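Observations on chain architecture
Okay, here's what each chain looks like letter by letter:
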Amino acid sequence: MMQCWIDGEVKAAKDAQLSVLDHGLLYGDGVFEGIRCVAGKVVDLALHLDRFEASARAIYLEVQPRERSQTAVLATLRALGKPDAYVRLVLTRGSGPLGVDVAGCNQPRLFCIAGDLTLYQPKAAGVALVTVSLRRPDPDMLDPRVKSLNYLNNVLAKIEAKRCGGDEALLLNRRGTIAEASGANLFARLDGVLCTPPASDGALSGITRRRVLHLGRELGVEVREQSLTRHDVLCSELTFLTGTGAGIVPVASLDGVALRSDAEFIRNLKDEAAAYALAHGTPF
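**Notes on the overall build of the protein**
Check the secondary structure of the protein and you find seven helices and 16 strands. Rg of the C-alpha trace for the protein: 19 Å, near the compact-globule value of 19 Å for 284 residues, within the 12% margin. The principal-axis extent of the C-alpha atoms belonging to the protein is close to 55 × 40 × 30 Å. A total of 284 residues make up the protein; the buried ones form 51% of that total. A separation of at least 24 residues holds for 71% of the contacts in the protein among residues at least 6 apart in sequence. For the protein, the exposed surface amounts to about 13200 Å²; the carbon and sulfur share of it is 53%. Taken together, the 33 basic and 33 acidic charged side chains of the protein have centroids lying 2 Å from each other.

Put into structure tokens, the structure is as follows:
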């Protein structure tokens, strides 16, 4: 059963209530963070809260005290009582009158949900990517570094990919270079260099992405942020996805074309990531 912290109280998620006039519901006006806990420890909690607060500032939303956000996360996990779980921390503009004017929204709403999350069904070879027709908005329209509640671009991309028989969508930007998947960052190894698109191409500055860039160096691999195309992925030595919800997931194919893989590297990367999580996690 999922648990929810709301208004300073933890209760079953099914019993938590939110006003139908909340602007997070009406307009996607709010921000969130997805956080993992592994073996009784919250992974990269400080980094997630840093990004949570930065996202709030970027949309002129009142930043909550760090202690309150952290209490919400830890209290919800304790109530859930599982050593491994997924946490969704959410801050909305709060309730207000109909209309996009936020002048009547006087009280931001913070809540936290903890439960299980599996984005992809386990497959030994990896997931099937499909390039979708939808494009990622340019950074001057909506900065991809903001984890806003408006995920319609991602939702529609995922629907299109599934309708085409894929597991996950590959989103391109207006220039035709890769932004990311619908719920994860993308990495491709080209001539021994591990590459991932920069935020300026429409990629979220993922926490797991940041960790993989660091761990890649630890494994003796050159890493680089650079623009990537479908051609790069099709010719890559290895392609995989990363994300708090996704973990580290190899990509088996793009638009029906089988991709090369490196099971040993993925295994070593996962082992390093698991060791990092245990060494740097916050106990709850």
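**A look at the environment of Phe32**
Residue position: Phe32 is located in strand 3 (residues 30–38). With a relative accessible area of 6%, Phe32 lands in the buried category. Taking the C-alpha atoms as reference points, Phe32 and Leu172, separated by 140 residues in sequence, lie 23 Å from one another.

**Re the packing of helix 2 (residues 45–58) against helix 3 (residues 66–80)**
In a packed pair of helices, the relevant descriptors are the angle between the two axes and the axis-to-axis distance. Running from amino to carboxyl end, helix 2 crosses helix 3 at an angle of 125°, the nearest separation of the two axes being 11 Å. One way to sum up the angle between helix 2 and helix 3 is to call them oblique. Handedness of the crossing formed by helix 2 with helix 3: right-handed. Judged by residue contacts, Leu45, Ala46, Leu49, Asp50, Phe52 and Glu53 of helix 2 engage Arg66, Ser69, Gln70, Val73 and Leu74 from helix 3. Residues belonging to the contact of helix 2 with helix 3 are distributed by class as follows: six nonpolar, two polar and three charged.

**Here's the deal with the packing of helix 5 (residues 207–218) against helix 7 (residues 263–280)**
With their axes 10 Å apart at the nearest point, helix 5 and helix 7 run at an angle of 115° to one another. Overall, the two elements helix 5 and helix 7 adopt an arrangement that is roughly perpendicular. Helix 5 and helix 7 meet at a crossing whose hand is right-handed. Across the interface between the two elements, Arg211, Val212 and Leu215 of helix 5 pack against Leu269, Glu272, Ala273 and Tyr276 of helix 7. A breakdown of the residues in the contact of helix 5 with helix 7 according to their chemical character gives five nonpolar, no polar and two charged.

**With respect to the packing of aromatic side chains**
For the structure on display, the rule yields two aromatic pairs. An angle of 75° between the planes, with centres 5.3 Å apart, marks the rings of Phe32 and Tyr151 as edge-to-face. You can see Phe32 sitting in strand 3 and its partner Tyr151 sitting in the loop between strand 7 (127–136) and helix 4 (152–163), a full 119 residues away along the chain. A residue is classified by how much of its surface remains accessible, and Tyr151, at 29% relative accessible area, is partly exposed. Here Phe187 and Phe240 contribute two aromatic rings whose centre-to-centre distance is 5.1 Å and whose plane-to-plane angle is 5°, an arrangement assigned as stacked. One end of the pair, Phe187, is in strand 10 (residues 185–190); the other, Phe240, is in strand 13 (residues 238–243), and 53 residues separate them in sequence.

**Some details on the nonpolar core**
Counting 25 residues, the largest nonpolar core has Val31, Val42, Val73, Leu77 and Leu89 as its most contacted members. Counting residues per element, the ones that place at least two in this core are strand 3, helix 2, helix 3, strand 5 (85–92) and strand 6 (109–115). Per-element accounting of this core gives the leading share, six residues, to helix 3. Once residues within four sequence positions are removed from consideration, Val73 is found in contact with Ile35, Val42, Leu45, Val87, Leu89 and Cys112.

Rules of the game
- Residues numbered from 1 in each chain as written.
- Predicted model: local features only at pLDDT ≥ 70, side-chain atom pairs only at ≥ 80, totals over all residues.
- Heavy atoms only, no water.
- Helix = DSSP H or I, 4+ residues; strand = E, 2+ residues; numbered from the N terminus.
- Rg over C-alpha atoms; globule rule 2.2 N^0.38 Å.
- Buried < 20%, exposed > 50% of the residue type's maximum accessible area, 1.4 Å probe, protein only.
- Contact = heavy atoms within 4.5 Å.
- Areas by Shrake-Rupley, 256 points an atom, 1.4 Å probe, with all protein chains shown as cover.
- Lys, Arg positive; Asp, Glu negative; His and termini not counted.
- Charge placed at Lys NZ, Arg CZ, Asp CG, Glu CD.
- Axes fitted to C-alpha atoms, helices over the stretch in contact; angles between N-to-C directions.
- Parallel < 35°, antiparallel > 145°, perpendicular 65-115°, else oblique.
- Left-handed = near helix turned anticlockwise from the far one by under 90°.
- Nonpolar A, V, L, I, M, F, W, Y, C, P; charged D, E, K, R; others polar.
- Phe/Tyr/Trp six-rings, centres within 6.5 Å; stacked < 30°, edge-to-face > 60°.
- Core = buried A, V, L, I, M, F, W, Y, C linked by side-chain atoms within 4.5 Å.

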